[in-house]
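Structural overview
So the chains spell out like this:
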Amino acid sequence: MAWLLIISSMIVIWIAFLFKILHGSYSPSKGAFVTDSNNGGSAKKRNVLLVVVHPDDESMFFTPAINYLTSRGHYIHILCLSIGLSSPKPESTNSRGGR
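Here's a quick rundown of the structure. Within each chain, residues carry numbers counting from 1 in the order of the written sequence. Owing to the predicted nature of the model, reporting of local features is limited to residues with pLDDT of at least 70; listing and counting of side-chain atom pairs is limited to 80 or more, with chain, interface and lining totals taken over all residues. Side-chain measures here rest on the full set of heavy atoms in the structure, leaving out hydrogens and waters.

1. Comments concerning the overall build of the protein chain
The test is simple: Numbering of helices and strands runs from the N terminus; a helix is a DSSP stretch of H or I covering at least four residues, while a strand is a stretch of E covering at least two. Accessibility here uses a 1.4 Å probe with only protein chains present; expressed as a share of the type maximum, an area under 20% marks a residue as buried, one over 50% as exposed, and anything in between as partly exposed. Residues are treated as being in contact if the distance between any of their heavy atoms lies within 4.5 Å. Here, Shrake-Rupley sampling with a 1.4 Å probe gives the accessible areas, and only protein chains in the shown set may cover a residue.
Per the secondary structure count, the protein chain includes 3 helices and 2 strands. Sequence-ordered secondary structure for the protein chain, helices as α and strands as β, is α-β-α-α-β. Per-residue burial over the protein chain gives 16% buried out of 99 residues. Excluding contacts between residues fewer than 6 apart, the proportion of contacts in the protein chain whose partners are at least 24 apart in sequence is 60%. Accessible surface computed for the protein chain: about 8200 Å², of which carbon and sulfur atoms make up 65%.

2. Some thoughts on the environment of valine 51
With respect to the helices and strands, valine 51 occurs in strand 1 (residues 47–52). On the basis of relative accessible area, valine 51 is assigned to the partly exposed category, the value being 43%. Distance in space between the C-alpha atoms of valine 51 and histidine 77 is 8.5 Å, their sequence separation being 26 residues. Those residues in contact with valine 51 that lie beyond four places of it in its chain are Leu79 and Leu81.

3. Focus on the environment of serine 9
Quick note on the threshold: Distance and chemistry together define a polar contact, namely a pair of N or O atoms within 3.5 Å, with one atom able to donate a hydrogen and the other to accept it when in protein, and with adjacent residues in sequence counting only for side-chain atoms on both sides.
Locating serine 9 in the fold gives a position in helix 1 (residues 2–23). The exposure class assigned to serine 9 is partly exposed, which follows from its relative accessible area of 33%. Reaching out from serine 9, the side chain makes a polar contact with the backbone oxygen of leucine 5 at a distance of 2.8 Å.

4. Comments concerning helix 3 (residues 63–71)
Worth spelling out the cut-off: Note that the arc is computed from the directions linking the helix axis to the C-beta atoms.
When we look at burial in helix 3, the residues that qualify are Ala65, Ile66, Tyr68 and Leu69. Down the axis of helix 3, the smallest arc covering the buried residues is 165°, so these residues share one side. At its buried positions, helix 3 is contacted by helix 1, strand 1, helix 2 (57–61) and strand 2 (75–80).

Structure, rendered in structure tokens:
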């Protein structure tokens, strides 16, 4: 039952962050990422680095954020930290347990 609470909490937090990213520029707060207060509130193009662990994470989880930021003219750079294996190394098939 605890795992259900953890998963639902993570989904709620993810939706809250997504809402903040997509609608943060409409709020008058100073912390909006896509506005530059020194330039009269006009949008300033920024470099955004997205660090992911698996090769398909950016397409599965960050597509709305990437689409929003690129539509506003920001530059997106994606860094994938992976060792290139699709599955863990298989254990030795020797029946004696040796290598």
